[in-house]
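Structural overview for review
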Amino acid sequence: MKQLTCVIIGGGHAGIQALKVLQGTFRKKRNGLRVRFVLIDKQPAHVRKVLLLRPAVGEENICVPWSQWAADGTAFVQGTVTSVDGGDKRIRYTDAQGSEVVLNYDLLVVAVGSVLRKPDPEQGGIALCDLASASDIRDRWRANLMKAASESDPRERKRLMSVAVAGAGISGIETGAELSHAMRREAPDHGLNPDDVTVWLLNAQDRLFPEGSARAAHKLEQMLPAIGVRVLHQRKAVREEAGEVILDNDERLRAGLCVWMIGLMPSPSLRDMGLPLTEDGRVRVDECYRISGVPGAYSIGDCAAVYDPATGASDRMTCKEAGMQAIRLGKIITADLEGRPAPSHQTMMDFYCIGLGPGHGLMWARKWGLEIIMTGKLAWNMKKIAWEYASRLR
């Protein structure tokens, strides 16, 4: 019986989705084939990046042991891939002990994802980009509440109870809402009025949620003030200094903390792998996720430049796209191995869930020109299900 080795680079949401789908695809032997899976990631466990805001507002553990997805014929390796040799079908990686290892593959899936953009260090503030920064944010706002409790100057107390979130994409909105909820929850423990907590959401655009309809954006605008989040449109943070956030129009916001949420970029690790990349640093793939000029290699998720061949639309950097790509990838690889036509990528319907703190949320969907908007606990529960599905915990 022939055995193939499938290497998956990246254990984020796209990598885990690909692993689970391919495990299921090859669980039953196909045409006398058995597939051995090797997942390589630099982290010692899977980090649920969609929940990175949670350790910024509490003590929730968002790391899941690799054993959660263990199955016969599956190995997990902690390491960093340094190069891909498409001609000889092998990769090089540096393991956790610093040793260089060469690994041959028959199938390769590149799913290294994206990283959050960081401002220049001189701009101050904290970018919510990893577990360490999440912990720093939590420690900072909690320390500010403790200082506010003993502060006699009302103006300074108000500053210490204020946070500016620079960036109003979906992650920025969710982070602002969770920060407001957490700070309001803990304020009474320090003898503070929770209504004095203010979270400023700085939006460079003229409205929120450009991915959705104007009606959905208006609904968000109505919901955020009720949970202590104030939106400033057409405002960009330039830097944080001396307890103030300086904006691009020279306005100054008095805030005890500035949290940067300025978007995603493809993982910089791609630059050293020797793969074909687009100008913006994503892996160049065809309509079946095959990496250009690299036989037997595929790429999905935030790191791949995935386009719908029928419309030319580019997939966004979200978990729902990665999930659908992974499902289709299983069918594509099966078709390629069997020598028959593979299905092409198709853009999924517009569907977004935005969490606004426990019990609050907004769900928006659009299909055939019709849109659906749901709010409240139902939308919040749908968001929680989406978080679970992103890491294949359901």
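In this text the structure is predicted, and so the values were computed from the model without any measurement.

Across its full length, the protein chain holds seven helices and 24 strands. Taking 21 Å as the expected radius of gyration for a compact globule of 394 residues, we find that the protein chain reaches 23 Å, a close match to that expectation. Referenced to the eigenvectors of the C-alpha coordinate spread, the extents of the protein chain come out at roughly 75 × 55 × 35 Å. Expressed as a percentage of the 394 residues in the protein chain, the buried residues total 49%. Carbon and sulfur atoms provide 48% of the accessible area of the protein chain, an area that totals close to 18,100 Å². Taken as two groups, the 52 positive and 46 negative side-chain charges of the protein chain have centres that lie 6 Å from each other.

The end-to-end C-alpha distance of helix α1 (residues 13-25), which contains 13 residues, comes to 18 Å, matching closely the 18 Å that a straight helix rising 1.5 Å per residue would cover. The buried fraction of α1 is high, at 11 of 13 residues. Residues His13, Ala14, Gly15, Ile16, Gln17, Ala18, Leu19, Val21, Leu22, Gln23 and Thr25 constitute the buried set of α1.

Here five strands make up an open sheet; going across it, the order is β10-β17-β11-β12-β13 and the pairing parallel. This sheet does not close on itself; its edge strands, each paired only once, are β10 (126-127) and β13 (229-233). Pairing analysis gives five bridges linking strand β11 (residues 162-166) to strand β12 (residues 198-203), with the strands arranged parallel. Each bridged residue has a counterpart across the sheet, and for Val165 the counterpart in β12 is Leu201.

Okay, the environment of Glu321 next. Within the element layout of this structure, Glu321 appears in helix α6 (residues 319-338). Relative accessible area serves as the criterion here: at 7%, Glu321 is assigned to the buried category. Taking the C-alpha atoms as reference points, Glu321 and Ala187, 134 residues apart in sequence, are found 38 Å from one another. Once residues lying within four places of it in the same chain are set aside, the contact partners of Glu321 are Asp315, Arg316 and Met348. Polar contacts involving the side chain of Glu321 include one to the side chain of Lys320, which spans 3.5 Å.

Counting 55 residues, the largest nonpolar core has Val7, Ile9, Val84, Ile91, Leu108 and Val110 as the members making the most contacts within it. Residue assignment for this core shows that the elements contributing at least two residues are β1 (2-9), α1, β2 (33-41), β5 (74-85), β6 (90-95), β8 (107-110), β20 (297-299) and α6. Here Leu108 is in contact with Val7, Ile9, Val84, Ile91, Gly296, Ala297 and Tyr298, once residues within four sequence places are set aside. Ranked by size, the runner-up nonpolar core spans 49 residues in total, among them Ala168, Ile173, Ala187 and Val197.

Here we come to helix α7 (residues 377-390). An α-helix turns once every 3.6 residues. As a result, residues three or four positions apart point the same way. If you check α7, its first and last C-alpha atoms are 20 Å apart, about what 14 residues at 1.5 Å a residue would give, namely 20 Å. Of the residues making up α7, those classed as buried are Ala379, Trp380, Lys383, Trp387 and Ala390. Viewed along the axis of α7, the buried residues span an arc of 100 degrees, placing them on a single side of the element. Buried residues along α7 sit in contact with α1, α4 (170-186), α6, β22 (350-355), β23 (361-367) and β24 (370-375). Just downstream of α7, Arg392 is the residue with a positive phi angle, here 55 degrees.

Moving on: the pattern of salt bridges. Within this structure, the stated rule accounts for 23 salt bridges. A salt bridge links Arg254 to Glu156; its shortest N-O distance comes to 3.2 Å. One end of the pair, Arg254, is in strand β16 (residues 252-254); the other, Glu156, is in helix α3 (residues 154-160), and 98 residues separate them in sequence. Take Arg254: its relative accessible area is 25%, and that puts it in the partly exposed class. Here Asp350 ties to Arg366 by a salt bridge, and the two come within 3.2 Å at their closest N and O atoms. Linking Asp350 in strand β22 with Arg366 in strand β23, this pair joins segments that are 16 residues apart in sequence.

Cut-offs applied
- Residues numbered from 1 in each chain as written.
- Predicted model: local features only at pLDDT ≥ 70, side-chain atom pairs only at ≥ 80, totals over all residues.
- Heavy atoms only, no water.
- Helix = DSSP H or I, 4+ residues; strand = E, 2+ residues; numbered from the N terminus.
- Rg over C-alpha atoms; globule rule 2.2 N^0.38 Å.
- Buried < 20%, exposed > 50% of the residue type's maximum accessible area, 1.4 Å probe, protein only.
- Areas by Shrake-Rupley, 256 points an atom, 1.4 Å probe, with all protein chains shown as cover.
- Lys, Arg positive; Asp, Glu negative; His and termini not counted.
- Charge placed at Lys NZ, Arg CZ, Asp CG, Glu CD.
- Expected span 1.5 Å × (residues − 1).
- Pairing = 2+ DSSP bridges.
- Contact = heavy atoms within 4.5 Å.
- Polar contact = N/O pair within 3.5 Å; in protein donor to acceptor, adjacent residues only side chain to side chain.
- Core = buried A, V, L, I, M, F, W, Y, C linked by side-chain atoms within 4.5 Å.
- Arc of directions from axis to C-beta.
- Salt bridge = Lys/Arg side-chain N within 4 Å of Asp/Glu carboxyl O.

Worth remembering: the numbers are spatial, not functional.
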